[in-house]
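Each chain is listed here by its residues.
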Amino acid sequence: MNWFRRMMYGRYGSDQLNVAMLVASIALVLVSRIFRVRLLYWLSLVLLVLCYLRMFSRNIARRHEENQRFLRHWFPLRDRWYRMADNLKDIRTHRHFKCRNCGQKLRVPRGRGKVSITCPRCGNQFLGKT
Ligand SMILES: [Zn+2]
């Protein structure tokens, strides 16, 4: 692996954006196979080439900046997915409410009809249908 280290010396290497591009490129290949869309296949190749160009780039500051820009979009998206998955886990047994006063998220068991809900954070009371 010495030759590899020497080759990568002074070069950027991989980051989250590269991993995302790699995953996207693999996904595009699969989709292009399934739906027989040639264009997506070429698009995946372009992504792959860009991925390698970034990896071997010597302009480290610029690549780092690109990755930061990507992460600024990626983290909120990922968090929203996590929250959605979290909400889906108990969707059959609980209902989720949001306190209109402070934004606190509340979880109430289903099937109790209309109930008065008290926010544990700010004490705000409101009615909710479970
Ligand atoms: Zn509240």
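**Here's the deal with the overall build of the chain**
Inference 1: For the chain, the count of helices and strands is four helices and four strands.
Inference 2: If you list the helices and strands of the chain from N to C, you get α-α-α-α-β-β-β-β.
Inference 3: Taken along the three principal axes of its C-alpha coordinates, the chain extends 65 × 40 × 25 Å.
Inference 4: Considering the chain as a whole, with its 130 residues, one finds that 25% of them fall into the buried category.
Inference 5: When contacts within the chain are restricted to residue pairs at least 6 apart in sequence, long-range pairs at least 24 apart make up 38% of them.
Inference 6: For the chain, the accessible surface area stands at approximately 10200 Å², while carbon and sulfur atoms represent 60% of it.
Inference 7: Taking the 27 positively charged and 6 negatively charged side chains of the chain as two groups, their mean positions are separated by 6 Å.

**What to know about the packing of aromatic side chains**
Inference 1: One pass over the full model with this rule turns up six aromatic pairs.
Inference 2: An angle of 15 degrees between the planes, with centres 6.3 Å apart, marks the rings of Tyr52 and Phe56 as stacked.
Inference 3: With a centroid separation of 5.6 Å and 80 degrees between ring planes, the pair formed by Trp74 and Trp81 is classed as edge-to-face.
Inference 4: In this structure an aromatic cluster arises from ring pairing among Phe70, Trp74 and Trp81.

**Details of the side chain of Asp90**
Inference 1: Mapped onto the secondary structure, Asp90 falls in the loop between α4 (60–89) and β1 (94–98).
Inference 2: Look past the residues within four positions of Asp90 in its chain and what remains in contact with it is His96 and Arg107.

**Some words on the domain arrangement of the chain**
Inference 1: In terms of domain boundaries, the chain breaks down into domain 1 (1–89) and domain 2 (90–130).
Inference 2: Distance between the C-alpha centres of domain 1 and domain 2: 40 Å.
Inference 3: Facing the five residues of domain 1 at the interface are four residues of domain 2.
Inference 4: Around 360 Å² of area is buried between domain 1 and domain 2 when both sides are counted, 46% of it from carbon and sulfur atoms.
Inference 5: Contact with domain 2 buries area across many residues of domain 1, yet Asn87, Leu88 and Lys89 alone supply 84% of it, more than any other trio.

**Examining the pairing of strand β2 (residues 105–109)**
Inference 1: Residues of β2 alternate between two faces, with Leu106 and Val108 buried on one and Lys105, Arg107 and Pro109 left unburied on the opposite face.
Inference 2: Where β1 meets β2, five bridges bridge the pair, whose relative direction is antiparallel. Within β2, the position partnered with Phe97 by the bridge is Leu106.
Inference 3: Taking the residues between adjacent antiparallel strands as the criterion, β1 and β2 are bridged by six residues, where Gly103 takes a positive phi near 85 degrees.

**As for the environment of Arg11**
Inference 1: Tracing the chain through its elements places Arg11 in the loop between α1 (2–8) and α2 (16–35).
Inference 2: Among the polar contacts made by the side chain of Arg11, one reaches the main-chain carbonyl oxygen of Phe56 at a distance of 3.0 Å.

**Some remarks on the coordination of the zinc ion**
Inference 1: Around the zinc ion, the protein contributes the donor atoms Cys99 (SG), Cys102 (SG), Cys119 (SG) and Cys122 (SG), which lie 2.3 Å from the metal centre.
Inference 2: Note that the zinc ion binds four donor atoms; their angles at the metal cover 106 to 112 degrees, and the shape is tetrahedral.
Inference 3: Mapped onto the sequence, the donors of the zinc ion take the spacing C-x2-C-x16-C-x2-C. With Cys99 in the loop between β1 and β2 and Cys119 in the loop between β3 (114–118) and β4 (125–129), this pair connects stretches of sequence that are 20 residues apart.

How each quantity is defined
Residues numbered from 1 in each chain as written. Predicted model: local features only at pLDDT ≥ 70, side-chain atom pairs only at ≥ 80, totals over all residues. Heavy atoms only, no water. Helix = DSSP H or I, 4+ residues; strand = E, 2+ residues; numbered from the N terminus. Buried < 20%, exposed > 50% of the residue type's maximum accessible area, 1.4 Å probe, protein only. Contact = heavy atoms within 4.5 Å. Areas by Shrake-Rupley, 256 points an atom, 1.4 Å probe, with all protein chains shown as cover. Lys, Arg positive; Asp, Glu negative; His and termini not counted. Charge placed at Lys NZ, Arg CZ, Asp CG, Glu CD. Phe/Tyr/Trp six-rings, centres within 6.5 Å; stacked < 30°, edge-to-face > 60°. Domains from an automatic or database assignment. Buried area = accessible area lost by both parts, 1.4 Å probe. Pairing = 2+ DSSP bridges. Polar contact = N/O pair within 3.5 Å; in protein donor to acceptor, adjacent residues only side chain to side chain. Donors = N, O, S within 2.8 Å, 3.2 Å for Na, K, Ca; no water. Tetrahedral: all angles 85-135°; square planar, octahedral: opposite > 155°, others 65-115°.

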